[in-house]
Amino acid sequence: MAWTHYQRILAVLLVVTGSFNTLSVKYADQQVVEGEDGQPRHFNHPFMQSSFMFVGEMMCFLVFKIIYAYYSRRGDSSVDSNPITKGSHTFNPFVLLIPALCDTCATSIMYVGLNLTYASSFQMLRGAIIVFTAILSMAFLNRKLGSREWIGIGMVIIGLVIVGLSDILSLENSDMSTNSILTGDLLIICAQVVSAVQMVVEEKFVTGQNIPALQAVGWEGIFGFITICIVIIPLNFIPAPPPFADNSRGTLEATKDAFIQIGNSGHLLMAIIGIAFSIAFFNFAGISVTKEMSATTRMILDSIRTFVIWGFSLAFGWQAFHYLQLLGFAILFIGLSCYNNIIVPQLVRKCRYRLGRHRSPSNERIINIAADDVPENQ
């Protein structure tokens, strides 16, 4: 079925804003600016970056309230038909608390990992969420996996290993260390465990609530911002060695130092603004794509986002090209496609169908072709 104009806008918005968000975070990480002690350092403040992300999500709540008030005052029932405002408005917002807490934890860990590794690897390694989501779904949602899903999971794991290996082999033309790359990659994979918990909780308790996408993102932003602000307080007093901490205090986070660095650099300020606004649009587009189309469509668009981020990283010299990363991404993509039963399995079915049609007489095809071998568009 052809996409509507609104769905095409959502797809483009998802790819563009998602790519821009990851690139903005990495760009901020690479800025060298004077801090609280007057010494130039990289902007190593992953937890503050998480808080800026949640500020962007909170803006979605404000925008939703403005749009909802506008259409409500029109009195023509358009508030129930507009794609932004339609849905349930009587839900309990605390149903989004646990997903927001998971998002806070996962995002903070991933931003620490992104500071230690490549932006493209950050995006590719997030594919590990399929593995952990499948395991948790079997445990808590009583879901059974078929052979196709297990083949997909196996290929995803192989792809992740190859991507990690390519990161290590790419260090010849990089100023990063092996320990930094490995630590960053492992942190990103560990964060996917938390993200998988978030997905399972949302499917069990949030799916079916029919919450407007913009409102759901806004509430998660509110809960996430409150949580990260509370967590940052003790992080300002917990000492940590490089590369986990590179600020004037030598602690896991230094809030004052972060704001001083932002104030001393216009480029850094623009990157922070980019993080806030891009994550707001990206989360709205992501939830909307899932509701308007499907989760598998969102996965395909997310893979396109990986290519965009990788292309920018190579173009601006943030990393060197290595053929193993391309191989790893290809295997990773095939594994994700097999798991979600899209693209690759459909191509295989079409090839089998055409091969069988070529070899079999026309009067036997209807009898001999199995139902699962018929392509979906036939």
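What comes next concerns the included structure. (Residues numbered from 1 in each chain as written. Predicted model: local features only at pLDDT ≥ 70, side-chain atom pairs only at ≥ 80, totals over all residues. Heavy atoms only, no water.)

### Remarks on the overall build of the chain
Then step 1. In terms of helices and strands, the chain carries 14 helices and two strands.
Then step 2. Taking all 378 residues of the chain together, 49% fall into the buried category.
Then step 3. Nonlocal contacts in the chain, meaning residues at least 24 apart in sequence, comprise 78% of its contacts between residues at least 6 apart.
Then step 4. Accessible surface, the chain as shown: approximately 18300 Å² in total, 66% of it carbon and sulfur. (Helix = DSSP H or I, 4+ residues; strand = E, 2+ residues; numbered from the N terminus. Buried < 20%, exposed > 50% of the residue type's maximum accessible area, 1.4 Å probe, protein only. Contact = heavy atoms within 4.5 Å. Areas by Shrake-Rupley, 256 points an atom, 1.4 Å probe, with all protein chains shown as cover.)

### Examining the side chain of Thr85
Then step 1. The residue Thr85 is located in the loop between helix H2 (46-74) and helix H3 (97-116) in this model.
Then step 2. From its side chain, Thr85 meets the backbone oxygen of Val79 in a polar contact 2.7 Å long. (Polar contact = N/O pair within 3.5 Å; in protein donor to acceptor, adjacent residues only side chain to side chain.)

### A few points about the environment of Ser248
Then step 1. Inspection of the secondary structure assignment puts Ser248 in the loop between helix H8 (213-235) and helix H9 (255-264).
Then step 2. In sequence terms Ser248 and Arg41 are 207 residues apart; their C-alpha atoms lie 8.7 Å from each other.
Then step 3. Excluding anything up to four places from it in sequence, Ser248 contacts Glu36, Asp37, Arg41 and Asp257.
Then step 4. Looking at Ser248, its side chain comes within polar contact range of the side chain of Glu36, at 3.2 Å.
Then step 5. Among the polar contacts made by the side chain of Ser248, one reaches the side chain of Asp257 at a distance of 3.3 Å.

### Some remarks on the pattern of salt bridges
Then step 1. Across all of its chains, the model carries four salt bridges by this definition.
Then step 2. For Asp37, the salt bridge is made with Arg41, and the minimal N-O distance between the two is 2.8 Å.
Then step 3. Sharing partners across several salt bridges, the network here consists of Asp37, Arg41 and Asp246. (Salt bridge = Lys/Arg side-chain N within 4 Å of Asp/Glu carboxyl O.)

### Notes on the packing of helix H6 (residues 147-169) against helix H7 (residues 178-206)
Then step 1. Across the interface, H6 lies against H7 with an axial gap of 9 Å and an inter-helix angle of 160 degrees. By the criterion of interaxial angle, the relationship of H6 to H7 is roughly antiparallel. For H6 against H7, the interelement crossing comes out right-handed. The segment H6 lies against H7, with Gly164, Asp167 and Ile168 engaging Thr178, Ile181, Leu182 and Asp185.
Then step 2. Its residues assigned to classes, the contact of H6 with H7 shows three nonpolar, two polar and two charged. (Axes fitted to C-alpha atoms, helices over the stretch in contact; angles between N-to-C directions. Parallel < 35°, antiparallel > 145°, perpendicular 65-115°, else oblique. Left-handed = near helix turned anticlockwise from the far one by under 90°. Nonpolar A, V, L, I, M, F, W, Y, C, P; charged D, E, K, R; others polar.)

### A few points about unusual backbone geometry
Then step 1. Phi at Asn142 takes a positive value of approximately 55 degrees, unusual for a residue other than glycine.
Then step 2. Position of Asn142 among the secondary structure elements: in the loop between helix H5 (129-140) and H6.
Then step 3. Judged by relative accessible area, which is 67%, Asn142 ranks as exposed.

### As for H2
Then step 1. A rise of 1.5 Å per residue sets the reference length of H2, with its 29 residues, at 42 Å; its end C-alpha atoms lie 43 Å apart and thus fit the reference within 8%.
Then step 2. A positive backbone phi angle near 70 degrees is found at Gly75, which sits one or two residues after H2. (Expected span 1.5 Å × (residues − 1).)

### Thoughts on helix H10 (residues 266-292)
Then step 1. Counted at 1.5 Å a residue, the expected span for H10 with its 27 residues is 39 Å, and the 38 Å between its end C-alpha atoms agrees.
Then step 2. You can read the cap of H10 off the contacts: a side-chain oxygen lies 3.5 Å from the backbone nitrogen of His267, and it is on Ser265.

### So, a nonpolar patch on the surface
Then step 1. A cluster of nonpolar side chains, contributed by Leu269, Met270, Ile273, Phe277 and Phe281, occupies part of the molecular surface with about 470 Å² of accessible area.
Then step 2. Here Phe281 shows up in helix H10.
Then step 3. Under the relative-accessibility criterion, Phe281 is labelled partly exposed at 44%. (Patch = residues over 30% accessible without salt bridge, like charges linked within 9 Å, V, L, I, M, F, W, Y side chains within 5 Å.)

### Some words on the packing of aromatic side chains
Then step 1. Taken as a whole, this structure holds 11 aromatic pairs when the rule is applied.
Then step 2. Ring plane angle 20 degrees and centroid distance 5.8 Å describe the contact between Phe64 and Tyr68, whose orientation is recorded as stacked. Linking Phe64 with Tyr68, this pair stays in helix H2, spanning four residues, or about one helical turn.
Then step 3. The class of Phe64 is buried, set by a relative accessible area of 1%.
Then step 4. Assessed through its relative accessible area of 28%, Tyr68 is described here as partly exposed.
Then step 5. Pairwise contacts between aromatic rings join Phe61, Phe94, Trp219 and Phe223 into one cluster.
Then step 6. The ring of Phe237 has Arg249 lying over it, and the distance from NZ or CZ to the ring centre is 5.4 Å. (Phe/Tyr/Trp six-rings, centres within 6.5 Å; stacked < 30°, edge-to-face > 60°. Lys NZ or Arg CZ within 6 Å of the ring centre and 35° of its normal.)

### Brief notes about the environment of Thr17
Then step 1. When you line up the elements, Thr17 lands in helix H1 (residues 5-29).
Then step 2. Looking at Thr17, the relative accessible area reads 9%, which means it is buried.
Then step 3. Each C-alpha atom, one on Thr17 and one on Ile275, is 9.4 Å from the other, the two residues being 258 residues apart in sequence.
Then step 4. When neighbours within four sequence positions are excluded, Thr17 is seen to be in contact with Ser278, Phe281 and Phe282.

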